[in-house]
Amino acid sequence: MTGKTLFEKIWKRHIVTKRHGQTLLYIDRHLCHDGSFGAFNRLRQRGLGMRRPDQTFMTPDHYTPTHTASLDDLEDPRAREIAAAVEVNAKEFGVTAFPWGDRRQGIVHVVGPEQGITLPGLTMVCGDSHTSTHGALGCIAFGIGSSEVSHVLATQTLWQKTPKTMRITIDGKLGFGVTAKDVILAIIRKISAFGGTGHAIEYAGSAIRDLSMEGRLTICNMPIEAGSRFGMVAPDETTFSYIEGRPFAPKGEKWEEALTFWRTLPSDDDAAFDVEVLLGGDAIAPMVTWGNSPQDAVQVTERLPDPDSETDAERKAAMAAAYDYMDLKPGMAVTDIRPDRVFIGACTNSRIEDLRSAAAVAKGRKAVIPAMVVPGSGLVRAQAEAEGLDRIFTDAGFDWRLAGCSMCVGMNGDTLKPGERSASTSNRNFRGRQGPASRTHLVSPAMAAAAAVTGSFTDVRKLMEGS
Amino acid sequence: MEAFTIFKGAGVPIDIQNCDTDQIIPARFLRRDPADEGYDRYLFHDLRFAEDGSEIADFILNNPAYRGASVIIAEINWGCGSSRENAVYVLVANGIRSVVAPSFGDIHYNNCMKHGILPVRLHRSDCDTLRQQLHDTPGAQIALDLEAQTVTGPDGKSYDFEIDPFDKHGLLNGLDEIGMTLGHDADITDFERRHRDDFGWLEQ
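Presented here is a report on the structure given in the accompanying data block. Here the structure is a predicted model, which means the values were calculated and not measured.

1. Quick look at the interface of chain A and chain B
Next up, step 1: Facing the 75 residues of chain A at the interface are 60 residues of chain B.
Next up, step 2: For the pair chain A and chain B, the summed buried area comes to about 5500 Å², and 53% of that belongs to carbon and sulfur atoms.
Next up, step 3: Contact with chain B buries surface across chain A, with H20, R51 and E314 of chain A losing the most and accounting together for 10% of the total.
Next up, step 4: At the junction of chain A with chain B, the criterion picks out 12 salt bridges.
Next up, step 5: Here R13 of chain A makes a salt bridge to D198 of chain B, at a shortest N to O gap of 2.8 Å.
Next up, step 6: Taken together, chain A and chain B are joined by 29 residue pairs in polar contact (both at pLDDT 80 or more).
Next up, step 7: Elements with a contribution of two residues or more to the side of chain A that touches chain B: β1 (15-19), β2 (22-26), α2 (37-46), α3 (77-93), α5 (146-155), β8 (157-160), α10 (252-262) and α11 (313-326) of chain A.
Next up, step 8: Among the residues making up the side of chain A that touches chain B, the classes are represented as 30 nonpolar, 22 polar and 23 charged.

See below:
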């Protein structure tokens, strides 16, 4: 008998029943945000209660402003209503919430791990496509639609087709100045924006093992940009020491019991994956996206690709359309692209280590274009301030903001102006993602800071050598 | 939910690879109620309308010949990106009953199912053929038969497609999924009892 993968071990422990080939999967913990209001309304309309309010957690992030501590400053009354609905719904249904003004409030995918809500071996869902982030701790976490959110609120289960499995192994050692963000962009470039569709991804290999928890959260944030709803890393000592002592993590005897179970979770040596992908960690360099799909990623040292070298006619047309939208030319050097604005934040890159890495580049330098830093949670913000990072940023002319999704999603007031170009640590460079006619280039926090202080995409390794 | 059995309607080709849900409905409209007057205008809003609200002439949905279309023939990775179910509400608001594409974003695919929209995965070359036929003959009809699992193009040629039996059953019967699952209440309660023994460390 062949061994089991990490994914299979967790999945099979959560099967309630099966019907017409699908599995009724039990959900251990459910995360909600301000955008979940429609799902609560649906429940109310149908007169349904919640099955497990004790395992449901909520915090506002998508709609919240990051420039003000008062919701009254929001211009659109509808946005104010939505942001405030978190507290209303939490009270009515008995859900644990970290509402606006609570220092634990923040981006749901930052708050979950930070509070110890996210734990190995669990099934977790959230009405957001970047929910796979939590898989960094060795759980099955995936994004769902609003109807599915209602279904989980009412039944604590979901009907699911069992996905196939894919292992992405990154061996070797990441080079100086190369971060988890560069790794995930290199992966998406290799397997394409749909290479992971229908598959649950497990990341493995020495370069993954060596990553901190923050780095693992970054690579698990973006599998959806390669089509996959799931990204996971097997739990190990890095995971356990990250979790221990966090507010909602097990304590005492329960901690020991949990640890014993968690140690059984890593994929067996003889486990078989449907697809295997290999990448050399040593060859990865700082990455920058140039087009309107996260797969349009190149190394900072490269020139932009030539659509004429593509054999697929539709791909060629898609590249030409992206060049037109982004106002760029094939063959130009990445380092000749000049962003108008820098955004450091989002569920991809707004944790303490991300801010440290950006601050190390900003220290003693000055931003030559507008730059903003948006911590992932109130607690990350407090930690950064305790370390003096806020001073480094403000001394360098960066704007230091309150926690939220901010300019990643273009729906809370933080947007680019039409035609503006950003260096952004978020996860999507879609047309108009950061506001109508906005142009987004995805990069790591260090690369974003380097763009801020030089005014163009710059190989951050050069700045780091000099600093 | 509206059931899906057989349907025939005008098709529209959307030649955009990796057409993400931000294109289908931009984020700033997510706060709007699908029951609002004019909600249908949010479909492909920023590709369809200029900043002053005027129509962008060369976007296909602004071509009078395609305005009444109810079946979209799309490119690879349709509906990738954000989980926003509003991308389905806005299809419904425009009378779209089916999207045929070589591949879909997994979350969007599931979301379609909850609103009686039939997502059909068809071989890429067949999608290319159908889109070309719709370009050649604007307003041409596409027929879908869920029971038989077939798509029929304007030239009468039929293509078989695969669909999960669970999804097929749900769509054919316009099933209320929450209602169905509540019927499994005893199973869920049994599971929770076993699970509490297994995952005792998780209880608060």
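2. Considering the state of the cysteines
Next up, step 1: Summed over the entire model, instances satisfying the criterion amount to 0 disulfides over all chains.
Next up, step 2: With no disulfide of its own, C139 of chain A lies 8.8 Å from the sulfur of C220 of chain A, the closest cysteine sulfur.

3. Describing the sheet that holds strand β5 (residues 96-97) of chain A
Residues and elements named next belong to chain A.
Next up, step 1: Taken together, 5 strands build an open sheet; the order of strands is β5-β4-β3-β6-β7 and the sheet is parallel. Looking along the sheet, the strands with just one partner apiece sit at the ends: β5 and β7 (140-143).
Next up, step 2: Bridging between strand β6 (residues 123-126) and β7 involves 4 bridges; their strand directions are parallel. Bridging across to β7, C126 finds its partner in G143.
Next up, step 3: Across the sheet, α5 lies against β3 (29-33), β4 (56-59) and β6, angled at about 130 degrees from β3, the strand it touches most.

4. Topic: the packing of aromatic side chains
Next up, step 1: What the rule picks out here adds up to 24 aromatic pairs over all chains.
Next up, step 2: On the basis of an interplanar angle of 70 degrees and a centroid distance of 6.2 Å, the ring pair of F98 of chain A and F248 of chain A is categorised as edge-to-face. With F98 of chain A in the loop between β5 and α4 (108-114) and F248 of chain A in the loop between α9 (237-243) and α10, the pair connects residues that are 150 residues apart, well separated along the chain. Per residue, the accessibility class of F98 of chain A equals that of F248 of chain A, and both read buried.
Next up, step 3: Through successive ring pairs, a cluster of aromatic residues spans F240, W255, F261 and W262 of chain A together with F199 and W201 of chain B.
Next up, step 4: Sitting over the face of the ring of F49 of chain B, R41 of chain B holds its NZ or CZ atom 4.1 Å from the ring centroid.

Definitions and cut-offs
In every chain, residue numbers begin from 1 and rise along the written sequence. Chains carry letters from A onward and ligands carry numbers from 1 onward, assigned in written order. Totals for whole chains, interfaces and linings use all residues, but because this is a predicted model, local features are given only for residues with pLDDT of at least 70 and pairs of side-chain atoms are given and counted only at 80 or more. Excluded from the side-chain calculations are hydrogens and water; all other atoms, namely the structure's heavy atoms, are used. Whether two residues are in contact is decided by their heavy atoms, any of which lying within 4.5 Å being enough. Accessible-area loss on putting two parts together, using a 1.4 Å probe and summing over both, is the definition of buried area adopted here. Basic side-chain nitrogens of Lys or Arg form a salt bridge, by our definition, when they fall within 4 Å of a carboxyl oxygen of Asp or Glu. Here a polar contact is recorded for every N or O atom pair within 3.5 Å, except that within protein the pair must consist of a potential hydrogen donor and a potential acceptor, and residues adjacent in sequence are included only if both atoms are side-chain atoms. Only DSSP runs of H or I covering at least 4 residues are called helices, and only runs of E covering at least 2 are called strands; the numbering of each starts at the N terminus. Amino acid classes used here: Ala, Val, Leu, Ile, Met, Phe, Trp, Tyr, Cys and Pro are nonpolar; Asp, Glu, Lys and Arg are charged; the rest, including Gly, are polar. The disulfide criterion used throughout: a pair of cysteine sulfur atoms within 2.5 Å. Two strands pair under a simple rule: DSSP has to find at least two bridges between them. To obtain an axis, a line is fitted to C-alpha atoms, over the contacting stretch when the element is a helix, and the angle between two such axes runs from 0 to 180 degrees between their N-to-C directions. Stacked, edge-to-face and tilted labels apply to pairs of Phe, Tyr and Trp rings (six-membered ring for Trp) whose centres lie within 6.5 Å, assigned for plane angles under 30 degrees, over 60, and everything in between, in that order. With a 1.4 Å probe rolled over the protein chains alone, any residue whose accessible area is under 20% of its type maximum counts as buried; one over 50% counts as exposed, and the rest are partly exposed. In this analysis the charged atom, NZ for Lys or CZ for Arg, is taken to sit over a ring once it is within 6 Å of the ring centre and within 35 degrees of the ring normal.

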